[in-house]
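An overview of the molecular structure
Letter by letter, the chains look like this.
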Amino acid sequence: MSTGYAAVVGAVNMDICGTPYTRVIAKDSNPGTVRHNPGGVGRNIAHNLRLLGVPVKFLTAFGNDLYAAELQASCKALGMDLSHAAYTDMATSSYLYITDETGEMLLAVCDTDVADSINEAFLAERLDILNGAELVVFDGNLTEDTVRYLAEHVTAPLFADPVSCKKAGRLRPALSRLHTFKPNELEAMYLTGEETPEKAAEALVEMGVKRAFVSCGGDGIIAAEKGNLIHLPVVSTNIVNTTGGGDASMAALAWAYTQGLDLEQSARAALKAGAIAVGARETIAPEMSADRLM
């Protein structure tokens, strides 16, 4: 069992959601609820890692406003080390979205310019922290140049989540350096040009990924490493909220590495974490714990 830390490189957002009580009336004020919660793929992964008992150094960028203060407080309350984050005079990254009365999104606006502060110069100043980590987790929200810097300069094992097909291409410079890669089936097939998730998983390993975990939604997960391919079924659960399931699975794979788990054990941990996440109302399931992944 490890006593090291995970370095998480990524954005932190304030997510703001407005939901009307009844059918939306365009160009008018609609009574409803407005909620704001800490978010961002990097932060969500870091949050789950802390619930799993993994020490985290969170390398992110904060603005200079009330959202920044709230986000910093939430991260510190979870025990994240923010001493290597960037503190800027910009607006804190935020994601504003409006849903209809059923919860289906109608419109979203994202203000994430501060995330551009997570660049090559930012990483260069913190290279000792990155290389001293047991593992480094990052996502496709980083620029391609930032990803390339990670691939070329970080010696710690790299773990990555592409986030979306549109952003998956940014991770190409790092594929040959990745220890663990968790795309969904569309992202995996997009990156490899293969027509099935199984062939895509094998192709990712041929491209240099040590372990590829291809999420297939209701069809479970495909896990591959050199000479080994397995397909495990999804863990049955009562789905309440699908948001955050992928972030929980990514965190579980990082946790599994710190525990020395093999390919199949890691895949099962990812499936269990995803099931716990989608079975909770919150984006991050409060009941996430290492005991529940064993």
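Residues numbered from 1 in each chain as written. Predicted model: local features only at pLDDT ≥ 70, side-chain atom pairs only at ≥ 80, totals over all residues. Heavy atoms only, no water.

1. What to know about the overall build of the chain
As a reminder, the rule being used: Each helix is a run of DSSP H or I of at least 4 residues and each strand a run of E of at least 2, with the numbering of both proceeding from the N terminus. C-alpha atoms define the radius of gyration, and 2.2 Å times the number of residues to the power 0.38 defines the globule rule. Per-residue accessibility, obtained with a 1.4 Å probe over protein chains only, is compared with the maximum for each type, and a residue is labelled buried under 20%, exposed over 50%, and partly exposed between these values. Contacts are assigned to residue pairs that have any heavy atoms within 4.5 Å of one another. Accessible areas in this description were obtained via Shrake-Rupley with a 1.4 Å probe; residue shielding takes into account the shown protein chains only. Charge counting treats Lys and Arg as positive and Asp and Glu as negative, with His and both chain ends excluded. Every charge is mapped onto a representative atom, which is NZ of Lys, CZ of Arg, CG of Asp or CD of Glu.
A tally of regular secondary structure across the chain gives 10 helices and 14 strands. Its C-alpha radius of gyration of 19 Å places the chain within 12% of the 19 Å reference for a compact globule of 294 residues. Viewed in the frame of its principal axes, the chain has a C-alpha envelope of about 60 × 45 × 40 Å. The 294 residues of the chain split such that 50% are buried. For the chain, contacts bridging at least 24 residues in sequence account for 62% of all contacts bridging at least 6. For the chain, the exposed surface amounts to about 13500 Å²; the carbon and sulfur share of it is 50%. Taken together, the 23 basic and 36 acidic charged side chains of the chain have centroids lying 2 Å from each other.

2. Observations concerning the sheet that holds strand β3 (residues 32–39)
Operational definition: Should DSSP find at least two bridges between two strands, the strands are taken to pair. Here an angle of 0 to 180 degrees is reported between the N-to-C directions of two axes, which are lines fitted to C-alpha atoms, with helices fitted over the stretch in contact.
If you walk across this open sheet you meet the 4 strands as β3-β2-β7-β8, and the pairing is mixed. A strand with exactly one partner marks an edge of an open sheet, and here the two such strands are β3 and β8 (105–111). The sheet shows a mean angle of 15° between the axes of neighbouring strands, direction not considered. Against the sheet, helix α2 (residues 66–77) contacts β2 (13–20) and β3, and its axis sits at roughly 110° relative to β2.

3. Remarks on the pattern of salt bridges
Put simply, the test is: The salt bridge definition used is simple: a Lys or Arg side-chain nitrogen within 4 Å of an Asp or Glu carboxyl oxygen.
A complete count under the given rule lists 7 salt bridges for this structure. Arg-148 is the partner of Glu-144 in a salt bridge, and the nearest nitrogen-oxygen pair spans 3.2 Å. Taken together, the residues span about one helical turn, with Glu-144 and Arg-148 both in helix α5 (residues 144–153) at a distance of 4 residues. Classification of Glu-144 as partly exposed rests on a relative accessible area of 36%. Look at Arg-148 and you get partly exposed, because its relative accessible area is 30%. The partner of Arg-148 in a salt bridge is Asp-145, with the nearest N and O atoms 3.2 Å apart. With Arg-148 and Asp-145 both in helix α5 and 3 residues apart, this pair spans about one turn of that helix. Counted as one network, the salt bridges with shared partners bring together Glu-144, Asp-145 and Arg-148.

4. So, the sheet that holds strand β12 (residues 211–215)
In spatial order, the strands read β4-β1-β9-β10-β11-β12-β13-β14; together these 8 strands make up an open sheet with mixed pairing. This sheet does not close on itself; its edge strands, each paired only once, are β4 (56–59) and β14 (228–232). Averaged over all pairs of adjacent strands, the angle between strand axes in this sheet comes to 20°, irrespective of strand direction.

5. Concerning the packing of helix α1 (residues 41–51) against helix α9 (residues 245–258)
Inclusion rule: Should an angle lie under 35 degrees it is considered roughly parallel, over 145 roughly antiparallel, and from 65 to 115 roughly perpendicular; all remaining angles are considered oblique. Handedness of a crossing follows from how the near helix is turned relative to the far one, being left-handed for an anticlockwise turn of less than a right angle and right-handed for a clockwise one. All residues other than Ala, Val, Leu, Ile, Met, Phe, Trp, Tyr, Cys, Pro, Asp, Glu, Lys and Arg, Gly among them, are scored as polar; the first ten of these are nonpolar and the last four charged.
Where α1 contacts α9, the two axes come as close as 8 Å, and the packing angle between them is 50°. Taken together, the axes of α1 and α9 lie oblique to each other. Pair α1 / α9 crosses with right-handed handedness. On α9, the residues that touch Val-41, Asn-44, Ile-45, Asn-48 and Leu-49 of α1 are Asp-247, Ala-248, Met-250, Ala-251, Ala-254 and Trp-255. Grouping the amino acids of the contact of α1 with α9 by side-chain chemistry returns 8 nonpolar, 2 polar and 1 charged.

6. Some details on the side chain of His-179
Relative to the elements of secondary structure, His-179 occurs in strand β11 (residues 178–181). Residue His-179 is classed as buried on the basis of its relative accessible area, which comes to 10%. Residues contacting His-179, with those up to four places away along its chain left out, are Pro-157, Leu-158, Phe-159, Val-209, Lys-210, Arg-211 and Tyr-257.

7. A few points about unusual backbone geometry
A positive phi angle, close to 55°, is found at Lys-27, a residue other than glycine. Relative to the assigned elements, Lys-27 resides in the loop between β2 and β3. Looking at Lys-27, the relative accessible area reads 92%, which means it is exposed.

8. Here's the deal with a nonpolar patch on the surface
Selection rule: Exposure above 30% relative accessible area and the absence of a salt bridge qualify a residue for a patch, where like charges join within 9 Å and nonpolar side chains (Val, Leu, Ile, Met, Phe, Trp, Tyr) within 5 Å.
The grouping of Leu-96, Ile-98, Leu-106, Leu-107 and Val-109 at the surface amounts to a nonpolar patch, some 440 Å² of accessible area in total. Those elements giving two or more residues to the nonpolar patch turn out to be β7 (94–99) and β8. Tallying contributions element by element places β8 first for the nonpolar patch, with 3 residues. Tracing the backbone shows Leu-107 in strand β8. Classification of Leu-107 by relative accessible area gives exposed; the value is 53%.

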